[in-house]
Amino acid sequence: MPRFHAETLDVYNGQTFPVSACPNTDMASFRATLIGGVSQGLRISALFGAPLAGDTLRLYAVLTDDNAGRLHLISTDVTGSYTALTPSCAQAHMFEREIFEQWGVRPEGHPWLKPVRFETPFRGNGKAAPIGITDFFHMKGDEAHEVAVGPVHAGVIEPGHFRFQCHGETVYHLEISLGYQHRGIERKIPGGPHPLTPFQMETLAGDTTIGHMGTYCRMIEHFSGIASPAKGQAIRGIAAELERLANHIGDLGAMAGDVGFLPTMSYCGRIRGDALNMTAVLCGNRFGRGLVVPGGTAFDLDSRLIEILLKRLDDLEKDATSAIELMFNTPSVLARFENTGRVSRETAREIGLVGPAARSCGLTQDIRFQHPYGIYNYIMAQMYTWHTGDCFSRAYVRWLEIQESMAFVRQVLHAMPSGETRTAMRGQLAPDTMSVTLTEGWRGEICHAAATDANGRFAFYKIVDPSFHNWFGLAQALRDQQISDFPLCNKSFNLSYCGHDL
Amino acid sequence: MLIDLIKARFHQKHRTMAWPDGPLPPLPERFAGRPVIEGSCADNCRTCADVCPVAAVSFKEKAPLIDTGRCLFCRRCEAACPSEAIRFTHEYRLAGRNRDDLTVSQGCGPFPEALVEKARSLFGRSLKLREISAGGCNACEADSNVLTTVGWDLGRFGIQFVASPRHADGIFITGPVPKNMETAVLKTYHAVPQPRIVIATGACAISGGPFAGNPEHCGGASSVVPVDLFIPGCPPHPLTILDGLLRFIGRV
C-alpha cells in the first residue's frame, strides 16, 4: 500500500462520493502527497482547478494506483500562485501549464510555462494569447538549424505546429505547440448536461467516439444511480474493441507506409474500413455515433446481426493477419522500426505515458485490466507489453492488442446476454456529488472527472484525453533521431490534436 | 520473402469497387442518409424542432424543413414525430452547390441536382485538393482519407489530396474553423492559384455542427472563405463525399 503525506480519499474507478468527502489540505501537504505518491509508482491521472468564490481556486489531483486498482483524491485551495510541482514531478508538467492558462494561477518555478491551447482564460477578462506565438526553445550555432512544420500538414490530418532544432540530420529537440483545434468544449459544460453535451462528447476526438462517449455515459449513470443492462454493456464492449481494432490496424498500415512498405499500407488502409463498417452494422455510423447513450446502447443486436458480425470478423482476422504478418516478416521493415524513436521505461514512467505507448516501454498499465468497468468486469481483456520502447515495440504491442480485441469481440458475440440494451434514465443527477471515471481508449487512459452543484447540474467537468499525457512522449522519442524518422515516430504514437485541444 | 509477398497479394484480392460504373457499395442497414418529409403534421406540433439538438428543423408555415447542413443525423426527430412524417432514407447523395440546396422540404427532390458546369470544364479530368482540418474531430478527415485507399481509389477519377496549396485547385475544409485556425485557413486559401474552389465537408464545416454557438470558432468554412460545394454529414459516409466530388466535376 502506498503511504501518503496527507490523508487522501480512496475510491475505485467511477465511484461517486460527496464533494465534501475529498480531503482539503494545505499546499505543502498537497505537494508532498503528489510527489511522494508518484515516487511510489502512482500516476497523476488528472490535476486541475475548479473555481471557488473570489479569486480562490481549488486544485484537485487524482493519483492512480494501478496495482491496487484504486484512485486517491486530494485537493487544496490556492490564490495567485504556488510553488510548482513540475521540477520535482515531471508528470505535472502539462497540467500545471493548463492551470496557469485557464485560471491564471501561476506555478512558480515551472520550467516551461507556455500556453497549452492558446485559449481564453476561464476567469476574468483576459484574452487568449495569439496562437502559435510563444518563446520557442531555440538552439544557436553556425551549423544548427530549425525546421518548422504546420499548423497545416501535408497529409489529411489535424493541425499542429512542430519545431525541430537540428544539427545536420539529427534532431536535438522537438517542440510541439498545439491549440489550433480548440473548440471550447470544457468551458461549455458547467451548468449542463446541455442538449449538445453528448454530441460534443462524441466529437471531442472523433476517432475515439466510443471511448469518450462511453466514459461520459458511465459518468451520467454513476450520478443517476443506474447501470446499463448486461446486453448494453456487451454491445459497448464490442464497439470499444472495434474502435481499437480499426485504429490499430490503420496505424500499422500507416507505419508501413512511412517506411515505404506499400503492400501492408494498402491492405491495412482497406481493412481498417472493414472494422469501421462492423461498427456501422451496430448503429449505421462508421464511428459509432448515436450508439452509446446514458443507460446503455440505443441499438440492439439480434441473432441475425450477430451472425453477420461473426462472419465479418472471420474475414477481418484472415485479412489483417495476412497483411500484418507480412510486415513483421520483412527484415527491411524491422530494420527501420527497431531502435527508432526509443523511449526508456524510466522516462515513460517519469512523464506519465499511458496506453499502448506506455505498454511499449514495458509499463504494465491498462484500465480495462486494472480498473475494470462494464463488460471488462466479467470478461477479462489480456494486457500485453513489450520492453524495447521503440517504433517496433509500439507496432508490436498494437498487433498483440489487435489479436486480443478480435478474440474479445468474438467471445462477447458468442456469449451475448439476453434482455434490454438500455435502462431508462430517471430523475436528476445527484447533487453535490463527484466522481472520476477512467476508460482504456485505444490511445490509452481517458479520464473524466466531474462534480455536480446543489441543483444536480455540472459544476465542472474535466476531460483528460490520453494524448494530453503522450504528446511529450513523442517529443522525447525524437531526441537524437534523424529528422526523416519523424513521420514514422509520429505515426507510432498517432496522437489526437482535438482530444488535446478540446 | 518474395513468395510471401505474392501469397499475400493473392489473398488480399482485387478490392477496388466497381462504382460508379458498376453497382453501389453496400450501405449499412442502419445507415441514416438524406431525410424525407412525408404526410402531414399534427396541428401546432413542433416536436421535431424541439428535440433537434442543433436547430436543424424549422417550420415554414406548418411544414417542417430539415437543414442537412446542420443535421447530425441522430434521428431524434424521426423517433419523436407523432405523425411519422420524417424518415431517414438510404439516399447517400447529400452534397449541394448552394447552402439552400441542403434544406429538405416536403415534396423536394430526392437529392440536390446537378452541381456545376464550370467545374466540369476546369476540373473534370484533374482536381487536386489541399485538405485543411480546422477543428475537425478526425472523423471527417478519416472518411475523406479512406477515399485514397485501394477500396475507393480516388486517383482513378483524377482527384488527389496534395501536400501543398501551390499544387492544388482548391481547399477541402473539415471542422468548424476555430479562431485559432482562421489565419491558417486564409493563408492556405490565398496560396492556392486562381481559379480556386472551396469544399466544406461535414456538419462542422458547414454550420459549426455540434459546436454551433461556441465563441471559440468561426462557425464553419463559409464565414471565412466562399464555399463552392457543401457535403453534409457527421461525418459524411465516404460514398457521400465521393458522390459530391464526382457530381461536382461532372463524372456521375
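S.K.: In this structure, what is going on with the interface of chain A and chain B? I would like to understand it.
M.R.: Each side of the interface is counted separately: chain A has 62 residues, and chain B has 53 residues. Here chain A meets chain B over a buried area of about 4500 Å², counting both sides, of which 58% is carbon and sulfur. By the criterion of area lost to chain B, the three top residues of chain A are A:Val156, A:Arg183 and A:Phe199, representing 17% of everything that side buries. Taken together, chain A and chain B are joined by 4 salt bridges. Note that B:Asp143 is salt-bridged to A:Arg286, the shortest N-O span being 2.8 Å. At the junction of chain A with chain B, the criterion picks out 26 residue pairs in polar contact (both at pLDDT 80 or more). Looking at the side of chain A that touches chain B residue by residue, the class counts come to 31 nonpolar, 16 polar and 15 charged.

S.K.: Looking at this structure, how should I read the nonpolar core?
M.R.: Nonpolar side chains in soluble globular proteins generally cluster together in the buried interior. Ranked by internal contacts, the top residues of the largest apolar core, which has 154 residues, are A:Leu47, A:Leu73 and A:Leu301. With 12 residues, helix α8 (residues 303-328) of chain A is the largest single contributor of residues to this core. With residues up to four places along the chain from it excluded, the contact list for A:Leu73 reads A:Thr8, A:Leu9, A:Val11, A:Phe17, A:Cys22, A:Pro23, A:Ala61, A:Val62, A:Met434 and A:Val436. Grouped together as the second largest cluster of nonpolar side chains are 30 residues, B:Ala95, B:Val146, B:Ile231 and B:Leu245 included.

S.K.: Before we go on, may I ask you to explain the sheet that holds strand β8 (residues 170-174) of chain B in this structure?
M.R.: To summarise the sheet geometry, strands pair through backbone hydrogen bonds and adopt either a parallel or an antiparallel arrangement. Residue and element names in this part refer to chain B. Strand order in the open sheet formed by 5 strands is β7-β6-β8-β9-β10, with parallel pairing between adjacent strands. In this open sheet, the two strands that pair with only one neighbour each are β7 (159-161) and β10 (229-231). The average undirected angle you get between the axes of adjacent strands in this sheet is 25 degrees. Pairing of strand β6 (residues 127-133) with β7, which is carried by 3 bridges, proceeds in the parallel orientation. Along β7, the bridge assignment pairs Lys128 with Gln160. Most of the contacts of helix α8 (residues 238-248) go to β10, to which it runs at about 160 degrees, and overall it touches β6, β7, β8, β9 (197-201) and β10.

S.K.: Explain the packing of α8(A) against helix α1 (residues 2-12) of chain B to me, please; I cannot follow it from the model alone.
M.R.: Each pair of packed helices gets described by two things: the angle between the helix axes and the distance between those axes. Where α8(A) meets α1(B), the axes come as close as 10 Å, and the angle between the chain directions of the two elements is 155 degrees. Classified by the interaxial angle, the pair formed by α8(A) and α1(B) is roughly antiparallel. Helix-helix and strand crossings are classified by hand; for α8(A) and α1(B) the assignment is left-handed. Residues A:Lys318, A:Asp319, A:Ser322, A:Ala323 and A:Leu326 of α8(A) form the contact with α1(B), whose participating residues are B:Asp4, B:Leu5, B:Ala8, B:His11 and B:Gln12.

S.K.: Looking at this structure, how should I read the pattern of salt bridges?
M.R.: All chains considered together, the criterion is met by 37 salt bridges over all chains. Residues A:Arg58 and A:Asp77 are paired through a salt bridge, measuring 2.7 Å at the closest nitrogen-oxygen approach. Pair noted here: A:Arg58 is in strand β5 (residues 57-65) and A:Asp77 is in strand β6 (residues 70-78), with a separation of 19 residues, a long-range link. Among the residues examined, A:Asp77 registers a relative accessible area of 31% and is labelled partly exposed. Note that B:Arg93 and B:Glu91 form a salt bridge whose closest N and O atoms lie 2.8 Å from each other.

S.K.: Sorry if this is basic, but what is going on with the pairing of β8(B) here?
M.R.: It is a general feature of regular strands that their side chains alternate between the two faces of the sheet. All names here are of chain B. Taking burial as the measure, the 5 residues of β8 include 5 buried ones, the bulk of the element. Neither face of β8 is exposed, since Gly170, Phe172 and Thr174 on one face and Ile171 and Ile173 on the opposite face are all buried. Relative to β8, β6 is paired through 5 bridges, and the arrangement is parallel. Across the sheet, Leu129 pairs through a bridge with Gly170, a residue of β8. Here β8 runs beside β9; their pairing, made up of 5 bridges, is parallel. Along β9, the bridge assignment pairs Ile173 with Ala200. Handedness of the crossover joining β8 and β9 through helix α6 (residues 182-191) is recorded here as right-handed.

S.K.: It is not clear to me how the packing of helix α7 (residues 262-283) of chain A against α1(B) should be interpreted in this structure. Could you clarify?
M.R.: Interaxial distance between α7(A) and α1(B) falls to 11 Å at its minimum, and their mutual angle equals 25 degrees. One way to sum up the angle between α7(A) and α1(B) is to call them roughly parallel. Crossing angle aside, the handedness with which α7(A) passes α1(B) is left-handed. Contacts from A:Pro263, A:Tyr267, A:Arg270 and A:Ile271 of α7(A) reach α1(B) at B:Leu5, B:Ala8, B:Arg9 and B:Gln12. Residues belonging to the contact of α7(A) with α1(B) are distributed by class as follows: 5 nonpolar, 1 polar and 2 charged.

S.K.: Any chance you could explain the domain arrangement of chain B here in plain terms?
M.R.: Often, the extent of an interface is quoted as the loss of accessible area upon association of its parts. Residue and element names in this part refer to chain B. When the domains of chain B are assigned, the result is domain 1 (35-92) and domain 2 (117-248). Of note, the centres of domain 1 and domain 2, computed from C-alpha atoms alone, are 27 Å apart. With 8 residues of domain 1 at the interface, the matching set in domain 2 holds 11 residues. In total, about 740 Å² of surface goes out of reach between domain 1 and domain 2, with carbon and sulfur atoms giving 68% of it. The largest per-residue losses of area from domain 1 upon contact with domain 2 belong to Gly69, Leu72 and Tyr92, which jointly make up 65% of the total buried on that side. On inspection of domain 1 and its partner domain 2, the count reaches 0 salt bridges. Here domain 1 and domain 2 share 2 residue pairs in polar contact (both at pLDDT 80 or more) between them. Grouping the amino acids of the side of domain 1 that touches domain 2 by side-chain chemistry returns 5 nonpolar, 2 polar and 1 charged.

S.K.: For this particular structure, what's the right way to read the sheet that holds strand β11 (residues 170-177) of chain A?
M.R.: Residue and element names in this part refer to chain A. An order of β9-β10-β11-β17 is seen for the 4 strands of this open sheet, with the pairing classed as antiparallel. Because the sheet does not close on itself, it has two edges, and the strands there are β9 (144-149) and β17 (481-482). Pairing analysis gives 2 bridges linking β11 to β17, with the strands arranged antiparallel. What sits directly across from Val171, in β17, is Gln481.

S.K.: Could you clarify how one ought to interpret the pairing of β5(A) in this entry?
M.R.: Residues and elements named next belong to chain A. With 9 of 9 residues buried, β5 is to be regarded as a mostly interior element. Judged by which residues are buried, β5 turns out to be covered on both faces: Leu57, Leu59, Ala61, Leu63 and Asp65 on one side and Arg58, Tyr60, Val62 and Thr64 on the other are all buried. Relative to β5, strand β4 (residues 43-51) is paired through 8 bridges, and the arrangement is antiparallel. Paired with Ala50 across the two strands is Arg58, which belongs to β5. Note: β5 against β6, 9 bridges, orientation antiparallel. Within β6, the residue paired with Asp65 across the bridge is Arg70. Taken together, β5 and the strand that follows it, β6, pair antiparallel across an intervening segment of 4 residues, in which Gly69 is found at a positive phi of about 65 degrees.

Criteria and thresholds
Residues numbered from 1 in each chain as written. Chains lettered and ligands numbered in written order. Predicted model: local features only at pLDDT ≥ 70, side-chain atom pairs only at ≥ 80, totals over all residues. Heavy atoms only, no water. Contact = heavy atoms within 4.5 Å. Buried area = accessible area lost by both parts, 1.4 Å probe. Salt bridge = Lys/Arg side-chain N within 4 Å of Asp/Glu carboxyl O. Polar contact = N/O pair within 3.5 Å; in protein donor to acceptor, adjacent residues only side chain to side chain. Nonpolar A, V, L, I, M, F, W, Y, C, P; charged D, E, K, R; others polar. Core = buried A, V, L, I, M, F, W, Y, C linked by side-chain atoms within 4.5 Å. Buried < 20%, exposed > 50% of the residue type's maximum accessible area, 1.4 Å probe, protein only. Helix = DSSP H or I, 4+ residues; strand = E, 2+ residues; numbered from the N terminus. Pairing = 2+ DSSP bridges. Axes fitted to C-alpha atoms, helices over the stretch in contact; angles between N-to-C directions. Parallel < 35°, antiparallel > 145°, perpendicular 65-115°, else oblique. Left-handed = near helix turned anticlockwise from the far one by under 90°. Right-handed = clockwise from strand over helix to strand, strands pointing away. Domains from an automatic or database assignment.

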